[in-house]
Amino acid sequence: MSCPHVSGLATLLRKAYPNWSPAAIKSTLMITAYTVDNSGNGIKDLAAGEESTPFIHEAGHVDPNRALNPGLLYDIEADDYIAFLCSIGYDSSQIAIFLREPAGSDICDRELSSPGNLNYPSFSVVLGSDTNVVRYKRTVKNVGSSADAVYEVKVNAPLGIETL
């Protein structure tokens with residue numbers, strides 16, 4: 001995603017949905033992006049000449065029309081980010097830098113059980129020789145026009161990875 005394009009689309013989404021948080025807008029742009037080219041093939045990594053990975057193309061190409069009606073989105077509040085920072089070992093003095101104000105010693109009373117549980121629209125998993133199972137939790141919010149809509153999950157897992 002290119003910054004000027006995404007900034008413009010974020011502004012349009014803010015106008016269309018003034019009550020959405022910045023995280024909701026970012027989520028919408030990410031989950032409605034596409035990762036195929038005009039011929040339906042995966043986006044190429046021009047440096048390697050092969051199909052790109054999510055680490056190269058990230059969320060993909062933004063799709064303004066789909067972003068206006070995403071159906072579902074992931075939302076995050078400021079407290080969720082603080083809990084994330086606590087879960088990766090930040091203390092109150094380090095978190096105060098982000099808050100631009102003093103943080104109490106109880107700032108990390110609510111920490112995520114795992115940094116991977118930040119309700120972000122994407123995640124990565126590091127598997128070690130002693131790690132067989134990794135669990136991450138995500139919560140989506142229905143912002144579609146139908147309250148009774150039914151959505152299906154589609155996971156594109158790497159070769160050798162099983163998802164449940």
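Structural data are supplied above this passage.
These notes cover the structure that comes with them. (Residues numbered from 1 in each chain as written. Predicted model: local features only at pLDDT ≥ 70, side-chain atom pairs only at ≥ 80, totals over all residues. Heavy atoms only, no water.)

Let's talk about the layout of surface pockets
No. 1: What the largest pocket holds in volume is close to 2700 Å³.
No. 2: Lining the largest pocket are 50 residues; nearest its centre among them are Pro 121, Phe 123, Lys 154, Val 155 and Asn 156.
No. 3: For the lining of the largest pocket, the secondary-structure elements that each account for two or more residues are helix H2 (22-31), helix H3 (54-57) and strand S3 (72-73).
No. 4: The element contributing the most residues to the lining of the largest pocket is H2, with four residues.
No. 5: Taken together, the residues of the lining of the largest pocket sort by class into 31 nonpolar, 11 polar and eight charged.
No. 6: Lining the second largest pocket are Asp 75, Ile 76, Asp 80, Arg 110, Leu 112, Asn 117, Leu 118, Asn 119, Lys 137, Arg 138 and Thr 139.
No. 7: Here the lining of the second largest pocket is composed, by residue class, of three nonpolar, three polar and five charged. (1 Å grid on protein atoms, 1.4 Å probe; cavity = no way out; pocket = protein on both sides within 12 Å on 5 of 7 lines; lining within 4 Å. Points joined across faces, edges and corners; volume = space filled by probe spheres on them. Helix = DSSP H or I, 4+ residues; strand = E, 2+ residues; numbered from the N terminus. Nonpolar A, V, L, I, M, F, W, Y, C, P; charged D, E, K, R; others polar.)

Brief notes about empty space enclosed by the protein
Summary: where empty space remains is shown by rolling a probe the size of a single water molecule over the atoms.
No. 1: A complete count under the given rule lists one cavity of 30 Å³ or more for this structure.
No. 2: Taken as a whole, the largest cavity encloses approximately 40 Å³ of empty space.
No. 3: Considering the residues around the largest cavity, the lining is formed by Ala 23, Lys 26, Ser 27, Tyr 74, Ile 76, Tyr 81, Asn 119, Tyr 120 and Pro 121.
No. 4: Counting residues per element, the lining of the largest cavity draws most heavily on H2, which supplies three residues.

Details of the side chain of Thr 32
No. 1: Locating Thr 32 in the fold gives a position in the loop between H2 and strand S1 (44-45).
No. 2: Of note is the side chain of Thr 32, whose polar atom sits 2.6 Å from the backbone oxygen of Thr 28.
No. 3: Leave out the neighbours within four places in its chain, and Thr 32 touches Asp 63, Arg 66, Ala 67 and Pro 70. (Polar contact = N/O pair within 3.5 Å; in protein donor to acceptor, adjacent residues only side chain to side chain. Contact = heavy atoms within 4.5 Å.)

Focus: the environment of His 61
No. 1: Along the chain, His 61 falls in the loop between H3 and helix H4 (64-67).
No. 2: We classify His 61 as partly exposed; its relative accessible area is 40%.
No. 3: Sequence-wise, His 61 and Leu 29 are 32 residues apart; in three dimensions their C-alpha atoms are separated by 9.0 Å.
No. 4: Residues within four places of His 61 in sequence aside, it is in contact with Ala 33, Tyr 34 and Ile 43. (Buried < 20%, exposed > 50% of the residue type's maximum accessible area, 1.4 Å probe, protein only.)

A closer look at helix H5 (residues 78-87)
No. 1: Those residues of H5 lying buried are Asp 80, Ile 82, Ala 83, Leu 85, Cys 86 and Ser 87.
No. 2: The inward-facing, buried residues of H5 contact helix H6 (92-99).
No. 3: At the exit of H5 stands Gly 89, carrying a positive phi of roughly 100°.

Quick notes on the state of the cysteines
No. 1: This structure, assessed with the given rule, holds one disulfide.
No. 2: For Cys 86, the disulfide goes to Cys 108, at an S-S distance of 2.0 Å. Judged by the torsion about the S-S bond (-80°), the Cys 86/Cys 108 disulfide is left-handed. Taken together, the residues span a long stretch of sequence, with Cys 86 in helix H5 and Cys 108 in the loop between H6 and strand S4 (141-142) at a distance of 22 residues. (Disulfide = S-S within 2.5 Å.)

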